[in-house]
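An overview of the molecular structure
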Amino acid sequence: MAKFQRGSSDTEPEFTTASLPDIVFMLLIFFMVSTVLREQDIKVRTQLPQAEALTKIDQKRLISKIHIGPLKQGDSQGETAIQIDDALIENRKAIRNIMYNKLQQQPKLIASLKVDQESEMEIVNEVQQELRKAGALRINYSSNREGPPGSGN
Amino acid sequence: MAGLLDKRREDRDEAEIPTAGMADIAFLLLIFFLVTTTINVDTGIGMTLPPELNPDQKPPPVKERNLFKILVNAQGELLIEEDPASIGQLRRRVKEHVTNYGSNPDLAVSPDKAVISIKTGAQTPYNTYIEVLDEVWMAYREIWDQIAQTGRTPVKGESVDLAKTYSNYQEYYNTLEPGDDNKIRDAFGAQISIAEPDTGE
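Just so you know, these numbers come straight off a predicted model, no measurement behind them. (Residues numbered from 1 in each chain as written. Chains lettered and ligands numbered in written order. Predicted model: local features only at pLDDT ≥ 70, side-chain atom pairs only at ≥ 80, totals over all residues. Heavy atoms only, no water.)

1. Comments concerning the overall build of chain B
Operational definition: Only DSSP runs of H or I covering at least 4 residues are called helices, and only runs of E covering at least 2 are called strands; the numbering of each starts at the N terminus. With the radius of gyration taken over C-alpha atoms, the globule rule is written as 2.2 Å times the number of residues to the power 0.38.
Helix and strand counts for chain B stand at six helices and six strands. If you list the helices and strands of chain B from N to C, you get α-α-β-β-β-β-α-β-α-α-α-β. Radius of gyration (C-alpha) of chain B: 30 Å, far over the 17 Å computed for a compact globule of 201 residues. By principal-axis analysis of the C-alpha atoms, chain B measures approximately 110 × 50 × 35 Å.

Rendered as structure tokens:
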């Protein structure tokens, strides 16, 4: 009967690292797929209001963001401006064409209004009228959960 | 010459790509994507704007009793059904209005006929507007919570065909697959209208 010999192996015991790249690649692919790259720098200040009755938008690809707020100019606050994608909107009547074109590409578009909480309703109403003319009727008033972050659910 | 080539073939191992550095490369890429990933989900208050009306087309008529008017002025003060009111009363008043089922002649006939109208002035702070809108939605949320918990509509007690009871509306909402009917909202819909801004003033 053969005996198992202790310490007969002359190689050091080692973890098998052969499958390590596979594991890492799997994680890598997960993050690559789920990543949405930060696409733009925002030229207007948007301090979002707080609300309770919030809904989540899971499909990030449906969202088109419209930023409304005072221009960032160092410490001083500039005039209220509108930014869609990476461009500031000079002529507010242009919004309808921009949004109409976006709607052709993505019929289930949600216009996410990121409006600074100190803005006035005049500009918001104006943008909404433009959105109606474009036919982009699904909107979302972007806001944060009430209370300091991390509290509540 | 041939002998030399033969010898070389014997000596050489199988040609391999060195894979030792592979994990390092993958880790580097992994860390890059980890850092650039934004996990935070966009949250907000969802609304649907009314479709654009033709100039000669009149907005659909709504009976005065079904309409619940909220006006917000430039100072952020509220006018509910023509009376000055505070934002703290809003949620209760909205719930009263939509769950009236015709019992009070000044309030809505039925929930699906009730319309909450929010009108703002040009100088109204956006913050106040969101606060008002939030309160109105929360009034509906509380009613929906109640339906999710009991499986019945409030006051009238019509049964809503839910598979089970839930601790709140959000829990029910999370079980819905895209394309599923939201039975709670079908049974008790919310009509919130953003009033047309005044054009000439």
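2. Describing the interface of chain A and chain B
To keep things clear, this is the line we draw: Whether two residues are in contact is decided by their heavy atoms, any of which lying within 4.5 Å being enough. Note on terms: buried area is the combined drop in 1.4 Å-probe accessible area of two parts once they are placed together, counting the loss on both. The salt bridge definition used is simple: a Lys or Arg side-chain nitrogen within 4 Å of an Asp or Glu carboxyl oxygen.
Counting residues at the interface gives 49 residues for chain A, matched by 45 residues for chain B. Summing both sides of the interface, chain A and chain B together bury roughly 4,400 Å²; the carbon and sulfur share of this comes to 60%. The three residues of chain A that bury the most area against chain B are Met121, Arg132 and Tyr141 of chain A, which together make up 18% of that side's buried surface. Counting across the interface, chain A meets chain B through one salt bridge. When the shortest N-O distance is used, the salt bridge between Glu52 of chain A and Arg91 of chain B registers 3.3 Å.

3. A few points about the packing of helix α2 (residues 95–105) of chain A against helix α3 (residues 121–134) of chain A
All names here are of chain A. Basically, it comes down to this: All axes here are fitted lines through C-alpha atoms, helices being fitted over the stretch that makes contact, and every angle between N-to-C directions spans 0 to 180 degrees. Our angle categories are set so that under 35 degrees counts as roughly parallel, over 145 as roughly antiparallel, 65 to 115 as roughly perpendicular, and the remainder as oblique. Handedness of a helix crossing follows the sense of rotation of the near helix relative to the far helix, less than a right angle counterclockwise being left-handed and clockwise being right-handed. Charged residues are taken to be Asp, Glu, Lys and Arg, nonpolar residues to be Ala, Val, Leu, Ile, Met, Phe, Trp, Tyr, Cys and Pro, and polar residues to be all remaining types, Gly included.
The interhelical angle for the contact between α2 and α3, taken along N-to-C directions, is 45°, at an axis separation of 8 Å. By the criterion of interaxial angle, the relationship of α2 to α3 is oblique. Seen from above, α2 lies across α3 with right-handed handedness. Across from Ile95, Arg96, Met99, Tyr100 and Leu103 in α2, the residues of α3 making contact are Val127, Glu130, Leu131, Lys133 and Ala134. Residue classes in the contact of α2 with α3 are distributed as seven nonpolar, no polar and three charged.

4. Some thoughts on the pairing of strand β2 (residues 67–72) of chain B
All names here are of chain B. Put simply, the rule is: Paired strands, as defined in this entry, are two strands with at least two bridges between them according to DSSP.
Pairing between β2 and strand β5 (residues 115–120): six bridges, direction parallel. Residue pairing for β5: Leu67 is matched across the bridge by Val115. Direction of pairing for β2 relative to strand β3 (residues 78–80): antiparallel, over a ladder of three bridges. Paired with Leu71 across the strands is Leu79, a residue of β3.

5. Describing α3 of chain A
Note: α-helices contain 3.6 residues per turn, so residues at a spacing of three or four share the same orientation. All names here are of chain A. Defined as follows: One fewer than the residue count of a helix, multiplied by 1.5 Å, yields its expected span. We call a residue buried when its accessible area falls under 20% of the maximum for its residue type, exposed when it is over 50%, and partly exposed in between, using a 1.4 Å probe and counting protein chains only.
Relative to the 20 Å expected for 14 residues at 1.5 Å per residue, α3 spans 20 Å between its end C-alpha atoms, a close match to the ideal helical length. For α3, a buried count of 11 out of 14 residues is recorded, marking the element as mostly surrounded by other parts of the structure. Along α3, the residues that are buried comprise Met121, Ile123, Val124, Asn125, Val127, Gln128, Gln129, Glu130, Leu131, Arg132 and Ala134. Remark: Gly135 follows α3 within two positions and exhibits a positive phi of approximately 85°.

6. What about a negative patch on the surface?
Residue and element names in this part refer to chain B. Our working definition: Two joining distances apply to patches: 9 Å for like charges and 5 Å for nonpolar side chains (Val, Leu, Ile, Met, Phe, Trp, Tyr), and every residue must have over 30% relative accessible area and no salt bridge. For the accessible areas, the method is Shrake-Rupley and the probe is 1.4 Å, while residue cover comes only from the protein chains on display. A positive count includes Lys and Arg, and a negative count includes Asp and Glu. His and the chain ends are not counted in either. Working definition for charges: the position is that of NZ of Lys, CZ of Arg, CG of Asp or CD of Glu.
On the surface, Glu177, Asp180, Asp181 and Asp186 cluster together to form a negatively charged patch. Structurally, Asp180 can be placed in the loop between α5 (169–175) and α6 (183–187). Residue classification places Asp180 among the partly exposed residues on the basis of a relative accessible area of 43%.

7. Things to note about the packing of aromatic side chains
Residue and element names in this part refer to chain B. Note the cut-off: Any two rings among Phe, Tyr and Trp, with Trp reduced to its six-membered ring, count as a pair given centres within 6.5 Å; such a pair is stacked if its planes are under 30 degrees apart, edge-to-face if over 60, and tilted if neither.
All chains considered together, the criterion is met by 12 aromatic pairs over all chains. Ring centres of Tyr140 and Trp144 lie 5.9 Å apart, and the angle between their planes is 35°; this geometry places the pair in the tilted category. Of the two residues, Tyr140 and Trp144 both sit in helix α4 (residues 126–150), four residues apart, roughly one turn of that helix. When its relative accessible area of 0% is taken as the criterion, Tyr140 is described as buried. Taken together, a centroid distance of 5.9 Å and an interplanar angle of 45° make the contact between Tyr169 and Tyr173 tilted. Taken together, the positions of Tyr169 and Tyr173, both in helix α5 and four residues apart, correspond to about one turn of that helix. Overall, Tyr173 belongs to the partly exposed group, its relative accessible area being 38%.

8. Observations concerning unusual backbone geometry
Residue and element names in this part refer to chain B. Of note, Glu81 is a non-glycine position whose phi angle comes to about 50°, a positive value. Take Glu81: it is sitting in the loop between β3 and β4 (83–85). A positive phi is found at Glu82, a non-glycine position, where the angle reads about 75°. In this fold, Glu82 is placed in the loop between β3 and β4.

9. Things to note about the environment of Gly44 of chain B
With respect to the helices and strands, the residue Gly44 of chain B is situated in strand β1 (residues 42–48). For the pair Gly44 of chain B and Val109 of chain B, spaced 65 residues apart in the sequence, the C-alpha separation amounts to 30 Å.

10. Things to note about the nonpolar core
Spelled out, the test is: Buried Ala, Val, Leu, Ile, Met, Phe, Trp, Tyr and Cys residues form a nonpolar core when they are joined through side-chain atoms within 4.5 Å.
Counting residues in hydrophobic clusters, the biggest one holds 65 residues, and the most contacted among them are Ile66, Leu131 and Tyr141 of chain A together with Ile70 of chain B. Per-element tally for this core: the top contributor is α4 of chain B, with 14 residues. When near neighbours in sequence (up to four residues on either side) are disregarded, Leu131 of chain A contacts Ile66, Met99, Ala111, Leu113, Ala136 and Ile139 of chain A together with Leu49 of chain B. Among the nonpolar cores identified, the runner-up in size contains six residues, and Phe31 of chain A together with Ala26, Leu30 and Phe33 of chain B belong to it.

11. A look at the sheet that holds β5 of chain B
Strand pairing in a sheet relies on backbone hydrogen bonds. The paired strands run either parallel or antiparallel. All names here are of chain B. Pairing within the open sheet is mixed, and its five strands lie in the order β4-β3-β2-β5-β6. Two strands close off the open sheet at either side, each with one partner strand: β4 and β6 (192–194). Each strand of the sheet is rotated relative to its neighbour by a mean of 30°, with strand direction disregarded. As paired strands, β3 and β4 are joined by three bridges and run antiparallel to one another. Across the sheet, the residue bridging to Ile80 is Asp83, located in β4. Strands β2, β3, β5 and β6 of the sheet are contacted by α4, whose axis makes an angle of about 170° with β5.

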